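Single-letter residue listing:
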Amino acid sequence: GWFTLHDRRHPAGGNIDHVVVGLAGVFVLDTKNWSAAVTEVGEHLQVGGRARRGVLWQLGEQATVVRDVMTLSLEPRAGSRPGSGSAVAPVPVLVLAGVDADRAATVNAGTIIVGVNRLASALTRRPGQLSRHAVEEAMRVLSAALPPADEPRPAEDATRPKLWSGLNRVLFVR
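As the structure is a prediction and not an experimental result, all values here were calculated from the model. (Residues numbered from 1 in each chain as written. Predicted model: local features only at pLDDT ≥ 70, side-chain atom pairs only at ≥ 80, totals over all residues. Heavy atoms only, no water.)

Side note on the environment of Leu5
Here's step 1: Tracing the sequence through the fold places Leu5 in strand β1 (residues 3-9).
Here's step 2: Placed 142 residues apart in sequence, Leu5 and Pro147 show a C-alpha to C-alpha distance of 9.2 Å. (Helix = DSSP H or I, 4+ residues; strand = E, 2+ residues; numbered from the N terminus.)

See below:
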């Protein structure tokens, strides 16, 4: 089966729309309901002729945070150094609603771009990468490391600058 975490707190502030975990892997989803059609221009997007340059980069960064959380938290293999747990690389997915809801899946800069009506088929046809145990472990780790966005921040985080509240633990402590 598939497991989903909705609206999770990003360690640097903001939120991650959805994290989906199943036998096919780990997926970081960002949902957009733009009123105009999306066009791909190189590694960038245009919506109704207006450039949306940061969208794919931001989604890729969210996938990197999810990867780093899993890598640092999962049990390391026997004989490996602490903090060297292995994890499958999360796949960023831009999910389009509105006028692009039926858009077929494409890949741009490592990100799947797909209409909401075709999301299930885009994910389920991918080859399996995780065992059932790995799915359960990934969900345990991600649920703990990425709390709901509307949950109050712990008191100790209030004393740190917001940008660095979680990033030091996730990205820089190795």
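Re the nonpolar core
Here's step 1: Ranked by internal contacts, the top residues of the largest apolar core, which has 29 residues, are Val19, Val21, Val26, Leu45, Val66, Leu94 and Leu142.
Here's step 2: If you tally residues by element for this core, the top one is helix α1 (residues 54-73), at eight residues.
Here's step 3: Ignoring sequence-local partners within four residues, the contact set of Leu94 consists of Asp30, Lys32, Leu45, Val55, Leu56, Leu59, Thr111, Ile112, Ile113 and Val114.
Here's step 4: The next biggest cluster of nonpolar side chains, apart from the first, holds twelve residues, and it includes Phe27, Val91, Ile112 and Leu119. (Core = buried A, V, L, I, M, F, W, Y, C linked by side-chain atoms within 4.5 Å. Buried < 20%, exposed > 50% of the residue type's maximum accessible area, 1.4 Å probe, protein only. Contact = heavy atoms within 4.5 Å.)

Re the sheet that holds strand β5 (residues 44-47)
Here's step 1: Pairing is antiparallel across the open sheet formed by three strands, whose spatial order is β4-β5-β6. With one partner strand each, in any of the chains shown, β4 (38-41) and β6 (50-52) form the two edges of the open sheet. Neighbour-to-neighbour, the strand axes of this sheet turn through a mean angle of 35 degrees, independent of strand direction.
Here's step 2: One ladder, built from four bridges, connects β4 with β5; its direction is antiparallel. Within β5, the residue paired with Thr39 across the bridge is Gln46. (Pairing = 2+ DSSP bridges. Axes fitted to C-alpha atoms, helices over the stretch in contact; angles between N-to-C directions.)

Brief notes about the pattern of salt bridges
Oppositely charged side chains can pair when the atoms bearing their charge come close.
Here's step 1: One pass over the structure, following the stated rule, counts four salt bridges.
Here's step 2: The closest approach of N and O atoms between Asp30 and Lys32, which form a salt bridge, is 3.4 Å.
Here's step 3: What makes Asp30 buried here is its relative accessible area of 8%.
Here's step 4: A relative accessible area of 21% places Lys32 in the partly exposed class.
Here's step 5: Residues Arg67 and Asp68 are paired through a salt bridge, measuring 2.7 Å at the closest nitrogen-oxygen approach.
Here's step 6: Here Arg67 falls in the partly exposed class, since its relative accessible area comes to 33%. (Salt bridge = Lys/Arg side-chain N within 4 Å of Asp/Glu carboxyl O.)

Some remarks on the confidence of the model for the protein chain
Here's step 1: Averaged over the protein chain, the pLDDT score is 83; the fraction of residues at 70 or greater is 79%.
Here's step 2: Summarising per-element confidence for the protein chain, the mean pLDDT is lowest in helix α4 (residues 167-172) (40) and highest in strand β7 (residues 91-96) (97).
Here's step 3: In the model, residues 76-85 has pLDDT below 50 throughout and makes ten contacts with residues more than four positions away in sequence or in other chains.
Here's step 4: Contacts of residues 158-174 to residues separated by more than four positions or lying in other chains number 28 contacts, the stretch itself having pLDDT below 50. (pLDDT = per-residue confidence, 0-100.)

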